[in-house]
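Structure at a glance
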Amino acid sequence: GVDPATVGSPSLVDAIKANPVSSAATSLERRMLALRSAGQSATTETTQLLALVSHGQIGDATLINDDDFGVLALAAVGSTAAAISQSVQFIQSNQQSDGGFSSFVGGSSDVDSTGAALAALLAGGGSAGSLDRGFAYLAAQQNDDGGYGVKHSLGSNAASTSWALWAYHTAG
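Here's a quick rundown of the structure. The residue numbering used here restarts from 1 in each chain and proceeds along that chain's sequence as written. Where totals are concerned, whole chains, interfaces and linings use all residues; where local detail is concerned, this predicted model gives features only for residues with pLDDT of at least 70, and gives and counts side-chain atom pairs only at 80 or more. Each side-chain value is worked out from all heavy atoms of the structure, with water and hydrogens disregarded.

Regarding helix 8 (residues 158–171)
Convention followed: Helical segments are the DSSP runs of H or I of at least four residues, strand segments are the runs of E of at least two, and each set is numbered from the N terminus. For a helix, the expected span equals 1.5 Å multiplied by the number of residues minus one. Every residue pair with non-hydrogen atoms within 4.5 Å of one another is taken to be in contact.
The end-to-end C-alpha separation of helix 8 is 20 Å, in line with the 20 Å expected for 14 residues at 1.5 Å each. Its buried side turned inward, helix 8 meets helix 6 (111–124) and helix 7 (128–141).

Overview of the packing of helix 7 against helix 8
Basically, it comes down to this: In this analysis, axes come from line fits to C-alpha atoms, helices being fitted only over the stretch in contact, and the angle between any two N-to-C directions falls in the range 0 to 180 degrees. For classification, angles of less than 35 degrees are called roughly parallel, those exceeding 145 degrees roughly antiparallel, those between 65 and 115 degrees roughly perpendicular, and all remaining angles oblique. By the definition used in this description, the sense in which the near helix is turned from the far one sets the handedness, with an anticlockwise turn below a right angle giving left-handed and a clockwise turn giving right-handed. Any residue that is not Ala, Val, Leu, Ile, Met, Phe, Trp, Tyr, Cys, Pro, Asp, Glu, Lys or Arg is counted as polar, Gly included; the first ten are nonpolar and the last four charged.
Where helix 7 meets helix 8, the closest approach of the two axes is 11 Å, and the angle between their N-to-C directions is 135°. By the criterion of interaxial angle, the relationship of helix 7 to helix 8 is oblique. Here helix 7 and helix 8 pass one another in a crossing that is left-handed. Contacts between helix 7 and helix 8 involve F135, L138 and A139 from the former and A164, A167, Y168 and A171 from the latter. Looking at the contact of helix 7 with helix 8 residue by residue, the class counts come to seven nonpolar, no polar and no charged.

Brief notes about the pattern of salt bridges
The following threshold applies: Counted as salt bridges are all cases of a side-chain nitrogen of Lys or Arg within 4 Å of a carboxyl oxygen of Asp or Glu. Three labels apply to residues, based on accessible area from a 1.4 Å probe with only protein chains included: buried if under 20% of the type maximum, exposed if over 50%, partly exposed otherwise in between.
Scanning the model with the defined rule gives one salt bridge in all. Residues E45 and R31 are paired through a salt bridge, measuring 3.1 Å at the closest nitrogen-oxygen approach. Linking E45 in helix 3 (residues 43–50) with R31 in helix 2 (residues 25–37), this pair joins segments that are 14 residues apart in sequence. A relative accessible area of 13% means that R31 is categorised as buried.

Let's talk about unusual backbone geometry
Note that the residue after S9, namely P10, is joined by a cis bond; omega there is 0°. Examined against the element boundaries, P10 turns out to sit in the segment before helix 1 (12–18). Backbone geometry at H55 places phi at a positive 55°, although glycine is not the residue there. Position of H55 among the secondary structure elements: in the loop between strand 1 (53–54) and strand 2 (57–58). Note on H55: relative accessible area 82%, which makes it exposed.

Quick word on the packing of aromatic side chains
Keep this limit in mind: Ring pairs shown here join Phe, Tyr and Trp side chains whose ring centres sit within 6.5 Å, with only the six-membered ring taken for Trp; geometry is labelled stacked below 30 degrees between planes, edge-to-face above 60, and tilted in between.
This structure, assessed with the given rule, holds three aromatic pairs. Ring geometry for W163 and W166: centres 5.5 Å apart, planes at 40°, overall tilted. Placement of both W163 and W166 in helix 8 is noted, with a separation of three residues, approximately one turn of the helix. By relative accessible area, W163 is classed as partly exposed at 23%. Through a chain of ring-to-ring contacts, the aromatic side chains of F69, W163 and W166 assemble into a single cluster.

Any functional reading would require information beyond the geometric quantities listed.
Here it is in structure tokens:
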């Protein structure tokens, strides 16, 4: 492999570290995932993210995706914080009756959000029932060409297909 700290001048890692991070949970989570992907420490970002845990969920109480990415980021840094299990419960409590997930509380299910939620539940120890319902939703959304659109009624696109693929890949 190639060490991201040696790619370019300044390097990819330098660019990640130099760019400011907003106070939004998703901004910290993306930075944590990027740093860990580059083999770098994300200790400061982990502390900042854990400070955003409130009432059993990470960041904005109206969003689910900041919990999805929070679980993934905390798992990537090897955290055993209670925030992981609390966020898993929050994610599962927002699963729709069709088995899918939305990026925000009360939204309708979509493939992208379901793929992210399933990856988070797999990383954070989600329940078998929730996972089974989520994967059943994904299976029902697959288009005739094998790909996925954000919704089954929409044509396949690379982004939505990638979210579904990530969930399936994470499941092994």
